[in-house]
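Each chain is listed here by its residues.
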There are 2 protein chains.
Amino acid sequence: MPTSDNFALIDLDRRDLGEGEVRIANSWLSVDPYMRGRMNDVKSYTPPFEIGKPMDGGAIGTVVESRSDRFKEGDTVQHFAGWRDEAVLPADQVQPLPELDVDPQAYLGQLGMPGMTAYFGLLEVAGAKEGDTVFVSAAAGAVGSTVVQIAKAKGLRVIGSAGGAEKCAWVESLGADAVIDYKSGTPVVKALGEVARNGIDVYFDNVGGEHLDAALAHANLHARFAVCGMIDVYNSSKPTELRYLARLIGNRIRIQGFIVSDFKDRSADFYRDMGGWLKDGKLKRNETVFEGLETMPAAFLGLFSGGNMGKMLVRL
Amino acid sequence: MPTSDNFALIDLDRRDLGEGEVRIANSWLSVDPYMRGRMNDVKSYTPPFEIGKPMDGGAIGTVVESRSDRFKEGDTVQHFAGWRDEAVLPADQVQPLPELDVDPQAYLGQLGMPGMTAYFGLLEVAGAKEGDTVFVSAAAGAVGSTVVQIAKAKGLRVIGSAGGAEKCAWVESLGADAVIDYKSGTPVVKALGEVARNGIDVYFDNVGGEHLDAALAHANLHARFAVCGMIDVYNSSKPTELRYLARLIGNRIRIQGFIVSDFKDRSADFYRDMGGWLKDGKLKRNETVFEGLETMPAAFLGLFSGGNMGKMLVRL
C-alpha cells in the first residue's frame, strides 16, 4: 500500500506557449484505481509512472491562453495531463467536452472513462441480455454504480456489493434489486447465495478476491464474467484464493479481462445511450470531492480504503 | 482422495433380453478424470453416481446376443455402460464404431471423448490459430497428448508439461517444441518462462492450480485459456492460489470452461480431420492398460497419481 510519503508537490517553472499549444487551468482532477498499477515497474497496457516525473491522469479545465485555432480562452476542455493545476499541451491532446446536459466533472466519471468501462464491460464483454441476473462488486464506486444503473435501464435484475450501510443504501437507491454489505461480517459467498437464489448470469468484477470466488460459486450455466479491476489485490502480495474455480468447467463460465480503451472507437454508441438515459432521468451520480491539488495523494489512497461513494475527484 | 475401499465388485443376476435389446460382452473399459466429479453429491453437468448402484462410463464390447435388427452377434460396438463385464442395453443406447483404421480401444481415447475434448477445446474454445504458442498441461495424458499432436498438425508451437522424464520424453516424441517436467523441483512458472520467451497465446488446462497460475504469468495479449479439467483440485479441499490472476485485465485474457458434449453435433468434423491426420501418420497413441474388471478402481485412482501415460484403460 503506498503512503503519502511516496508523493511530492513540486513547483515547476511556467513556460511560454509554442505554436499550436494551449494553456489550461485545471478545475477537476481524476484519481482512479488503475493508477495504482502504473506505480509498479512492470510492462503493462500503460507505461509505468517514472519516479521524479509528474504523474498524469484525466482532467477537466479551462483554456486560459491559446496559440491554436481549435481552442479559445474560456473553453472548457478535457485532457490527460492531470495531477497538476496548470497544463500546457499541444491542441491535439485536448478535447472539447461532449454536449450533454451535465456538470463538466461528470466527464471524468459516469460520462467518461469509468462510465464507458461500465457500459462496454456490461453490454459487450459480458454480453448482458434480457433475463440475466447481474452481480457487480464495488457497486458504490464510479464504475460499479454505473453498471447498476445501465443494467436497470436495460431491465435486468441487479445485485450489488458495497461496504457499509451508507453505500449500500445509495446502491439500493440506484435501483439495485438486492445489495450485499461485504463489511457486515457475513462471507460474500453466503450473502450472495441468500439473494441470488437462481444464481447469477453476469459478474462485473472491480474487486477480485473473495467477490470473484463468490461469483464463481453462484454462477449459472454459460455465465460471463467481465473483469476490469481487482482492487483487492493491487496492494497485496498475497495470492488470490479461489475455492470455486473448478465450477467454471461444468458451468462453461467465461472470464474475460478487458480495458476500456479497446472500445474507444465506439464512444458514439456510449454517448448516444447515456445521453438518452440521462434525459430520461435514469442516471444518478455521486461524487466524493477533495479540495486542492495537495489533496491528490489522499484522494488517491482513499480509493483503496473504500473512502469514496461514486466518483473520487479533486477540485482545484 | 478416494480409496479402493470405496468400491465393491458385485455379482448381479443375468437377465433375459427384452425386445429391441442387445447383450454386450465388454472388452475395454474407460476410466476418466471427470468421473471423480460424479463421486461428489452435487448438481453438475452429469448426475452424481449413486451409492450402491453400478458406476457407468465409456466401454467397447462385442454383441453376444441381439433382439434388435440394428446389431447382430459379433458386432463390435461402443456404449456408456462401463464398469461391468457384460451390459444389457436397448439398441438405441449402443453405437457402431466409426470406420477408421485404428484399434477399437482408440475410440475410448484419442478417437473418442478425450480426443474430441482436445480437438474442440484447442480449435474452437481456445480458437488456436496460425502463429500461436500453445501451452498444455497433463501433456502425457489422453487429452493433452492429443492436444500436442493436433497443434503440431496445425503448425503451431507447442509447450507441454508432464511429470517425470519418461513422460516428458514421450511428449517430446509427439512433436512438442518444449517440455516442462513439473516434478523436477523447478516451479512451473519459472520453467515455463524459460521455454516461452515470447509468452503463450493459448493455454489448454487439464490441471488447474500451479499450472494455471504459470499460464497467467506468461500469457500474451488476447491469450485464450480453454479449461476442461482441474485434476489438481478434484481431490483437494484447499483453494487454488493464483498470484498472477490480475494479469488477465491488462492482457485481456479469456478463460473459458467447457465440456466436450457441447460439441456432440459436430463429431463429423472431428472424425474427418482426425481420420486425415491418422492416415498421414500424424497421430500417435499410448495406452496404460490394466487387466480385469477387478482392477477398475486401481486404474481409476491411478489417474490422480500420474499413473498413466496416454489413455488409461482396463482390458477384460
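What counts as what
Residues numbered from 1 in each chain as written. Chains lettered and ligands numbered in written order. Predicted model: local features only at pLDDT ≥ 70, side-chain atom pairs only at ≥ 80, totals over all residues. Heavy atoms only, no water. Helix = DSSP H or I, 4+ residues; strand = E, 2+ residues; numbered from the N terminus. Rg over C-alpha atoms; globule rule 2.2 N^0.38 Å. Buried < 20%, exposed > 50% of the residue type's maximum accessible area, 1.4 Å probe, protein only. Contact = heavy atoms within 4.5 Å. Areas by Shrake-Rupley, 256 points an atom, 1.4 Å probe, with all protein chains shown as cover. Least-squares fit on C-alpha atoms with pLDDT ≥ 70 in both. Axes fitted to C-alpha atoms, helices over the stretch in contact; angles between N-to-C directions. Parallel < 35°, antiparallel > 145°, perpendicular 65-115°, else oblique. Left-handed = near helix turned anticlockwise from the far one by under 90°. Nonpolar A, V, L, I, M, F, W, Y, C, P; charged D, E, K, R; others polar. Buried area = accessible area lost by both parts, 1.4 Å probe. Salt bridge = Lys/Arg side-chain N within 4 Å of Asp/Glu carboxyl O. Polar contact = N/O pair within 3.5 Å; in protein donor to acceptor, adjacent residues only side chain to side chain. Expected span 1.5 Å × (residues − 1). Pairing = 2+ DSSP bridges. UniProt positions renumbered as here; feature names shortened; annotations may be inferred. Core = buried A, V, L, I, M, F, W, Y, C linked by side-chain atoms within 4.5 Å. Right-handed = clockwise from strand over helix to strand, strands pointing away. Domains from an automatic or database assignment.

Trainee: What's the story with the overall build of chain A in this structure? I'm lost.
Mentor: Secondary structure assignment for chain A yields nine helices and 14 strands. Over its C-alpha atoms chain A spans a radius of gyration of 20 Å, differing by no more than 12% from the 20 Å that the globule rule assigns to 316 residues. Taken over the C-alpha atoms alone, chain A extends approximately 65 × 45 × 35 Å along its principal axes. Within the span of chain A, comprising 316 residues, buried residues form 54% of the whole. Within chain A, contacts between residues separated by at least 24 positions form 67% of all contacts whose residues are at least 6 apart in sequence. Looking at chain A as shown, the accessible area adds up to about 14,200 Å², and 48% of this sits on carbon and sulfur atoms.

Trainee: Is there a simple way to explain unusual backbone geometry in this structure?
Mentor: The phi torsion of most residues other than glycine is negative, and most of the peptide bonds are trans. Positive phi, close to 60°, is recorded for His222 of chain A, a residue that is not glycine. Inspection of the secondary structure assignment puts His222 of chain A in strand β10 (residues 219-227). With a phi close to 50°, Arg252 of chain B is a non-glycine residue in the positive phi region. Within the secondary structure, Arg252 of chain B is located in the loop between α7 (247-250) and β12 (254-257).

Trainee: I tried to follow the relation of the copies chain A and chain B on my own but got confused; where do I start?
Mentor: Each of the two chain copies can be brought onto the other by rotation about an axis and movement along it. Each copy of the sequence occupies a distinct position, and chain A is placed on chain B by a rotation of 180° and an axial shift of 0.0 Å, giving an RMSD of 0.0 Å. Taken together, the rotation angle and the small translation identify this as a two-fold axis. A shared interface surface links the copies, since 100% of the contact residues of chain A are contact residues in chain B too.

Trainee: Whenever I open this one, the packing of helix α5 (residues 188-195) of chain A against helix α6 (residues 209-218) of chain A confuses me. Can you help?
Mentor: Each pair of packed helices can be described by the angle between their axes along with the distance between the axes. All names here are of chain A. Running from N to C, α5 and α6 cross one another at 40°; their axes reach a closest spacing of 8 Å. Between α5 and α6, the angle is such that the two are oblique. Remark: the crossing between α5 and α6 carries right-handed chirality. Residues Val188, Val189, Leu192 and Gly193 of α5 touch α6, and the partners they reach there are Glu210, His211, Ala214, Ala215, Ala217 and His218. Partitioning the contact of α5 with α6 into residue classes produces six nonpolar, three polar and one charged.

Trainee: For this particular structure, what's the right way to read the interface of chain A and chain B?
Mentor: Interfaces are frequently sized by the accessible area removed from exposure as the parts join. Of the residues lining the interface, 30 residues belong to chain A; the matching set on chain B comes to 30 residues. Taking both partners together, chain A and chain B bury about 2,400 Å²; carbon and sulfur atoms supply 63% of that area. At the junction of chain A with chain B, the criterion picks out two salt bridges. Linking chain A to chain B there are 11 residue pairs in polar contact (both at pLDDT 80 or more). Among the secondary structure elements, those contributing two or more residues to the side of chain A that touches chain B are β11 (240-242), α7 (247-250) and β12 (254-257) of chain A. Of the residues belonging to the side of chain A that touches chain B, the class tally is 17 nonpolar, seven polar and six charged.

Trainee: Explanation requested: helix α3 (residues 142-153) of chain B in the structure shown.
Mentor: One full turn of an α-helix is made of 3.6 residues, so residues set three or four places apart face in the same direction. All names here are of chain B. When the terminal C-alpha atoms of α3 are compared, their 17 Å separation across 12 residues agrees well with the 16 Å that a helix rising 1.5 Å per residue should span. Within α3, 10 of the 12 residues are buried, which leaves the element mostly enclosed by the surrounding structure. For α3, the full list of buried residues reads Ala142, Val143, Gly144, Ser145, Thr146, Val147, Val148, Gln149, Ile150 and Ala151. Just downstream of α3 lies Gly155, where phi reads positive at about 80°.

Trainee: How should the sheet that holds β12 of chain B be read in this particular structure?
Mentor: Pairing between the strands of a sheet is mediated by backbone hydrogen bonds and can be parallel or antiparallel. Ordered in space as β8(A)-β7(A)-β6(A)-β9(A)-β10(A)-β12(A)-β12(B)-β10(B)-β9(B)-β6(B)-β7(B)-β8(B), the 12 strands form an open sheet in which the pairing is mixed. Each having just a single partner strand, β8 (178-181) of chain A together with β8 (178-181) of chain B make up the two edges of the open sheet. In this sheet, neighbouring strand axes are inclined to one another by 15° on average, regardless of whether the strands run parallel or antiparallel. Here four bridges tie β10 of chain A to β12 of chain A, and the two strands are oriented parallel to one another.

Trainee: Help me understand the UniProt feature "domain: Enoyl reductase (ER)" (unreviewed entry) in chain A in this model?
Mentor: When the UniProt feature table is mapped onto this chain numbering, "domain: Enoyl reductase (ER)" (unreviewed entry) sits at residues 3-314 of chain A. Annotated as 26% helix and 24% strand, the span residues 3-314 of chain A places its first and last C-alpha atoms 18 Å apart.

Trainee: Would you take a moment to explain the nonpolar core for this structure?
Mentor: Proteins that are soluble and globular tend to have nonpolar side chains buried together. With 54 residues, the main nonpolar core has Phe225 of chain A together with Phe225 of chain B as its most contacted residues. When residues no more than four places from it in sequence are discounted, the contact partners of Phe225 of chain B are Tyr203, Leu212, Ala215, Leu216, Ala219, Ile253, Arg254, Ile255 and Gln256 of chain B.

Trainee: Even after reading the chapter, I still don't get the environment of Phe49 of chain A, so can you show me in this structure?
Mentor: One can find Phe49 of chain A in the loop between α1 (34-37) and β2 (59-66). Not counting the four nearest positions on each side in its chain, Phe49 of chain A is found in contact with Met35, Arg38, Met39, Met55 and Asp56 of chain A.

Trainee: In this structure, what is going on with the pairing of β8 of chain B? I would like to understand it.
Mentor: Along any regular strand the residues' side chains alternate between the sheet's two faces. All names here are of chain B. Here β8 shows a clear split, with Ala178 and Ile180 buried on one side and none of Val179 and Asp181 buried on the other. Where strand β7 (residues 157-162) meets β8, four bridges bridge the pair, whose relative direction is parallel. Directly across from Ala162, in β8, lies its bridge partner Asp181. Between the parallel elements β7 and β8, the chain passes through helix α4 (residues 165-173) in a crossover that is right-handed.

Trainee: Teacher, can you tell me more about the domain arrangement of chain A here?
Mentor: All names here are of chain A. Domain assignment breaks chain A into domain 1 (4-109 + 286-315) and domain 2 (113-260). Centre-to-centre separation of domain 1 and domain 2, based on C-alpha positions: 29 Å. Across the boundary between the two partners, domain 1 contributes 18 residues, which contact 14 residues of domain 2. Considering only the side of domain 1, the residues that lose the most area to domain 2 are Arg36, Gly109 and Met309, jointly responsible for 34% of the buried surface there. Scanning the region where domain 1 abuts domain 2 turns up zero salt bridges. Counting every contact that joins domain 1 to domain 2 gives four residue pairs in polar contact (both at pLDDT 80 or more). Its residues placed into classes, the side of domain 1 that touches domain 2 shows eight nonpolar, seven polar and three charged.

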